[in-house]
Amino acid sequence: MQHLSVVTTGGTIDKIYFDDKSAYEIGDPQIGKILEALGVAFTFDVLPAMRKDSLHIEESDRDLVRRLIEAQPHRHVLVTHGTDTMVETAAVLSSIKDKVIVLTGALNPARFQGSDAVFNIGCAVGAVQSLPDGVYIAMNGRIWNPAHVRKNRDANRFEPV
């Protein structure tokens, strides 16, 4: 892989502390800073599609993400996404041909000490350059087929269906 296109949608991975009432808002995409800090050996571009909690992503938003990915000249695409509706977005992207698309996110904001964001991004980067064309989810140290995974909100992790 020479180049990675990164499409960001928001989600917990990009949440920042906002006010004295412990509220959060979705800030700038964090993945570019993370990839730069890790000194990755490929070029990348970050394409912010939106800044939404995934519970607020609608079908028109998923269509925007699909069109943005289809317009990319590069084969390898990583999507940062909120974890609550990541599976639904992956299903919409499954019709895209001739690309490897990996969705990832975080259960805690990337700016937080101990966040799973860097680990999940690392897994996603490894997956996107080694898997065949298709759509995948990289979470909790595993690569998932979106048709056979769900988020267990009570346990705060992904698990097989």
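Quick note: structure is the one above.
Now for a quick tour of the structure. Each chain carries its own residue numbering, running from 1 in the direction its sequence is written. Given that this is a predicted model, residues contribute local features only at a pLDDT of at least 70 and side-chain atom pairs are listed and counted only at 80 or more, while totals for whole chains, interfaces and linings are drawn from all residues. Computation of side-chain values covers all heavy atoms of the structure but excludes hydrogens and water.

1. Digging into the environment of Val 102
The condition that has to hold: Strands are runs of DSSP state E lasting at least two residues, helices are runs of H or I lasting at least four, and both sets are numbered from the N terminus onward. For every residue, the accessible area (1.4 Å probe, protein chains only) is compared with the maximum for its type, and the residue is labelled buried under 20%, exposed over 50%, or partly exposed between those bounds. Should any heavy atoms of two residues lie within 4.5 Å, those residues are considered in contact.
Its place among the elements puts Val 102 in strand β6 (residues 100-104). For Val 102, a relative accessible area of 0% gives the class buried. Sequence-wise, Val 102 and Ala 127 are 25 residues apart; in three dimensions their C-alpha atoms are separated by 7.2 Å. For Val 102, the contacting residues outside a window of four places in its chain are Val 77, Leu 78, Val 79, Ala 124, Ala 127, Val 128, Tyr 136 and Ala 138.

2. A look at helix α2 (residues 59-70)
An α-helical turn contains 3.6 residues, so any two residues separated by three or four positions project in the same direction. Rule in force here: Take the number of residues in a helix, subtract one, and multiply by 1.5 Å to get its expected span. To obtain the arc, one takes the directions from the helix axis to the C-beta atoms.
For α2, which comprises twelve residues, the first-to-last C-alpha distance of 16 Å matches the rise-based estimate of 16 Å (1.5 Å per residue) to within 8%. All buried positions along α2 are accounted for by Asp 61, Arg 62, Val 65, Arg 66 and Ile 69. The buried residues of α2 occupy one face: seen down the axis, they fall within an arc of 140°. Residues of α2 that are buried in the fold lie against β1 (3-10), β4 (43-52), β5 (76-80), α3 (86-93) and β6.

3. Here's the deal with the sheet that holds strand β7 (residues 134-139)
As a reminder, the rule being used: For two strands to be treated as a pair, DSSP must find at least two bridges joining them. Axis definition: a line fit to C-alpha positions, over the contact stretch in the case of helices; interaxial angles, taken between N-to-C directions, run 0 to 180 degrees.
The mixed open sheet is built from six strands, whose spatial order is β4-β1-β5-β6-β7-β8. Two strands bound the open sheet, and with one partner strand each, they are β4 and β8 (142-144). Across this sheet, the average inter-strand angle for adjacent strands is 25°, counted without regard to direction. Relative to β4, β1 is paired through seven bridges, and the arrangement is parallel.

4. Things to note about the packing of helix α1 (residues 31-38) against helix α4 (residues 117-128)
Applied cut-off: Roughly parallel covers angles under 35 degrees, roughly antiparallel covers those over 145, roughly perpendicular covers 65 to 115, and oblique covers all other angles. In this count, Pro and Cys sit with the nonpolar residues alongside Ala, Val, Leu, Ile, Met, Phe, Trp and Tyr, while Asp, Glu, Lys and Arg are called charged and the others, Gly among them, polar.
Direction vectors running N to C along α1 and α4 enclose 75°, while the axes themselves pass 11 Å from each other. One finds that α1 runs roughly perpendicular with respect to α4. From α1, Ile 31, Ile 34, Leu 35 and Leu 38 reach across to α4, where they touch Val 118, Ile 121 and Val 125. Residue classes in the contact of α1 with α4 are distributed as seven nonpolar, no polar and no charged.

5. Comments concerning the pattern of salt bridges
Condition: Any carboxyl oxygen of Asp or Glu within 4 Å of a side-chain nitrogen of Lys or Arg constitutes a salt bridge here.
This model, assessed by the stated rule, comprises twelve salt bridges. When the shortest N-O distance is used, the salt bridge between Glu 59 and Arg 62 registers 3.3 Å. In this pair, Glu 59 and Arg 62 are both assigned in helix α2, three residues apart and thus about one turn of the helix distant. Here Glu 70 ties to Arg 66 by a salt bridge, and the two come within 2.8 Å at their closest N and O atoms. Of this pair, Glu 70 and Arg 66 both sit in helix α2, four residues apart, which is roughly one turn of the helix. The class of Arg 66 is buried, set by a relative accessible area of 19%.

6. Some thoughts on the packing of α2 against α3
To keep it simple, the criterion reads: For any helix crossing, the convention is left-handed if the near helix is rotated counterclockwise from the far helix by under a right angle, and right-handed if that rotation is clockwise.
Two elements in contact, α2 and α3, have axes whose closest approach is 9 Å; the angle formed by their N-to-C orientations is 50°. As judged from the angle between their axes, α2 and α3 are oblique. Between α2 and α3 lies a crossing of right-handed hand. Of the residues in α3, those touching α2 at Glu 59, Arg 62, Val 65, Arg 66 and Ile 69 are Glu 88, Thr 89, Val 92 and Leu 93. Tallied by class, the residues present in the contact of α2 with α3 amount to four nonpolar, one polar and four charged.

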